[in-house]
Amino acid sequence: KIRKLDLFVFEQVCSTLARWAQSGMGWFPVAVNLSRRHFHNPDFLADFYAIAQRYQIPSGIIEMEMTESIFFDDESIHFVKKTVQEMHRLGFLCSLDDFGSGYSSLGLLQNFDVDTIKLDRRFFQDLSVQKSRDVVECMISLSQKLDIETVAEGIETDEQLDFLRSIHCDLIQGYIFSKPLPVPEFEAWLHQNLK
């Protein structure tokens, strides 16, 4: 059922993106969660690609978000590596969500051609500790060397925001800007904040 739900959400995203583009709002990049259950089917990307084509979504707009839980063993690592390559071939971006919450994160960066890492919110919960700040700064520096975009997740305070800006984190996500919003409320928020 989670696979059907993922496809339903993906179609809703594509439909909304196409409507925005047709209304003159332009194209917005959107990340879509991808359940690890999809990786049991070697051809699962075909369904996503068909939906994106139906709505004429340009390459580089939709990012497929994976978590480290999709990596079970050496065989699955090989399959996921090929799947990431196929995502790129089909025009999707790829990110690792909740990066740093597992135990194999650095190895994943070495072996997978992901476009973005989303740093888990727990890295930012106590930035008053210098060691915490050092770890975050090293991860962002490493990502920059590897040409991987970084997103800091769960940012809620001005202190966190100021620190992340000072170390040149690419993107920041969290309640400091807005809680998650339904599409109509997001459209109103966007209209108000892009004036």
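Everything discussed here concerns the structure shown above.
Keep in mind that what you see is a predicted model, and the values were worked out from it rather than measured.

A. Spotlight on the overall build of the protein. Assigned secondary structure in the protein consists of seven helices and six strands. Here the C-alpha atoms of the protein give a radius of gyration of 17 Å, agreeing with the 16 Å that 2.2 N^0.38 yields for 195 residues. Looking at the protein residue by residue over its 195 residues, the buried ones come to 38%. Long-range pairs, those at least 24 residues apart, make up 63% of the contacts in the protein between residues at least 6 apart in sequence. Counting 19 positive and 29 negative side-chain charges, the protein places the centres of these two groups 5 Å from one another.

B. Molecular detail of the pattern of salt bridges. One pass over the full model with this rule turns up seven salt bridges. A salt bridge links Arg89 to Glu86; the shortest N-O distance between them is 2.8 Å. Of this pair, Arg89 and Glu86 both sit in helix α3 (residues 74–89), three residues apart, which is roughly one turn of the helix. What emerges from the salt-bridge pattern is a single network uniting Glu63, Glu65 and Lys118.

C. Quick look at the packing of helix α1 (residues 2–22) against helix α7 (residues 183–193). Packing of α1 against α7 brings their axes to within 13 Å, and their N-to-C directions diverge by 35°. Our pair here, α1 against α7, has a crossing hand that is right-handed. Contacts between α1 and α7 involve Thr16, Arg19 and Trp20 on the former and, on the latter, Val183, Phe186 and Glu187. Along the lines of polarity and charge, the residues of the contact of α1 with α7 split into three nonpolar, one polar and two charged.

Rules used throughout
- Residues numbered from 1 in each chain as written.
- Predicted model: local features only at pLDDT ≥ 70, side-chain atom pairs only at ≥ 80, totals over all residues.
- Heavy atoms only, no water.
- Helix = DSSP H or I, 4+ residues; strand = E, 2+ residues; numbered from the N terminus.
- Rg over C-alpha atoms; globule rule 2.2 N^0.38 Å.
- Buried < 20%, exposed > 50% of the residue type's maximum accessible area, 1.4 Å probe, protein only.
- Contact = heavy atoms within 4.5 Å.
- Lys, Arg positive; Asp, Glu negative; His and termini not counted.
- Charge placed at Lys NZ, Arg CZ, Asp CG, Glu CD.
- Salt bridge = Lys/Arg side-chain N within 4 Å of Asp/Glu carboxyl O.
- Axes fitted to C-alpha atoms, helices over the stretch in contact; angles between N-to-C directions.
- Left-handed = near helix turned anticlockwise from the far one by under 90°.
- Nonpolar A, V, L, I, M, F, W, Y, C, P; charged D, E, K, R; others polar.

Shape descriptors only; they carry no functional weight alone.
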